[in-house]
Amino acid sequence: MNVLSICGIAIIAAISAIALKKNAPETSVVIAISAGVIIFLFVLSDITPVINEVYKLVNNAGIDTDYGKVLLKTVGICLACQFTSDSCKDAGQSSLAARVELAGKISVLIISIPLFEKILNVATGLLT
């Protein structure tokens, strides 16, 4: 999927949502969120080569693959939470959007704990 197709989908959905907003606000929100999901799925289908390239870079650098996994998981959580938060905001649910963002931040911290442990072990090893 190329960027122009994604832009076309977004423009058509935005125009449709704006046209329906006055008479059918629920349908307007559904159109906007549906278009967002379609675009998100198109982008996800193209992400496999990026993931493979990150793993190649990590392996070529001689870095533990756990770091690459944490990086990719963190990016995935950030993207998913951002998309969900934006969708909630579009639906007028800003407090729900804030909770999704908080959940994403906590998830990133939880995933990062093994990294922090390794960094602390290296630091204490250098000090002793």
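The rules behind each value
Residues numbered from 1 in each chain as written. Predicted model: local features only at pLDDT ≥ 70, side-chain atom pairs only at ≥ 80, totals over all residues. Heavy atoms only, no water. Helix = DSSP H or I, 4+ residues; strand = E, 2+ residues; numbered from the N terminus. Expected span 1.5 Å × (residues − 1). Buried < 20%, exposed > 50% of the residue type's maximum accessible area, 1.4 Å probe, protein only. Axes fitted to C-alpha atoms, helices over the stretch in contact; angles between N-to-C directions. Parallel < 35°, antiparallel > 145°, perpendicular 65-115°, else oblique. Contact = heavy atoms within 4.5 Å. Nonpolar A, V, L, I, M, F, W, Y, C, P; charged D, E, K, R; others polar. pLDDT = per-residue confidence, 0-100. Phe/Tyr/Trp six-rings, centres within 6.5 Å; stacked < 30°, edge-to-face > 60°. Lys NZ or Arg CZ within 6 Å of the ring centre and 35° of its normal. Patch = residues over 30% accessible without salt bridge, like charges linked within 9 Å, V, L, I, M, F, W, Y side chains within 5 Å. Areas by Shrake-Rupley, 256 points an atom, 1.4 Å probe, with all protein chains shown as cover. Salt bridge = Lys/Arg side-chain N within 4 Å of Asp/Glu carboxyl O.

In this section: helix α4 (residues 65–90). For α4, spanning 26 residues, the distance from its first C-alpha to its last is 38 Å, which sits close to the expected 38 Å at 1.5 Å a residue. Listing the buried residues of α4 in full gives Gly68, Val70, Thr74, Ile77, Cys81, Ser85, Ser87 and Cys88. Of the residues flanking the end of α4, it is glycine 92, one or two places downstream, whose phi is positive at about 85°.

This paragraph deals with the environment of isoleucine 38. With respect to the helices and strands, isoleucine 38 occurs in helix α2 (residues 25–45). For the pair isoleucine 38 and alanine 17, spaced 21 residues apart in sequence, the C-alpha separation works out to 15 Å.

Here we take up the packing of α4 against helix α5 (residues 94–127). Across the interface, α4 lies against α5 with an axial gap of 8 Å and an inter-helix angle of 175°. Between α4 and α5, the interaxial angle falls into the category roughly antiparallel. Residue-level inspection shows Asp66, Tyr67, Val70, Lys73, Thr74, Ile77, Cys78, Cys81, Thr84, Ser85, Cys88 and Lys89 of α4 in contact with α5, the latter providing Ser94, Leu96, Ala97, Val100, Glu101, Gly104, Ser107, Val108, Ile111, Ser112, Leu115 and Lys118. The class makeup of the residues in the contact of α4 with α5 is twelve nonpolar, seven polar and five charged.

Turning our eyes to something else, we now look at the environment of valine 43. With respect to the helices, strands and loops of the structure, valine 43 is situated in helix α2. Along the backbone, valine 43 and leucine 79 are 36 residues apart, and their C-alpha atoms lie at a distance of 11 Å.

For the protein, mean pLDDT is 88; residues scoring 70 or higher make up 99% of the total. Looking across the protein, the model is least confident in helix α3 (residues 48–60), with a mean pLDDT of 84, and most confident in α5, with 91.

Let us look at the packing of aromatic side chains. The final tally for this structure, using the stated rule, is one aromatic pair. Here the guanidinium or amino end of lysine 118 rests over the ring plane of tyrosine 67, the centre of that ring lying 5.3 Å away.

This paragraph deals with a nonpolar patch on the surface. A contiguous nonpolar surface patch, about 680 Å² in accessible area, is contributed by Leu102, Ile106, Leu109, Ile110, Ile113, Phe116 and Ile119. Inspection of the secondary structure puts isoleucine 119 in helix α5. For isoleucine 119, a relative accessible area of 51% puts it in the exposed group.

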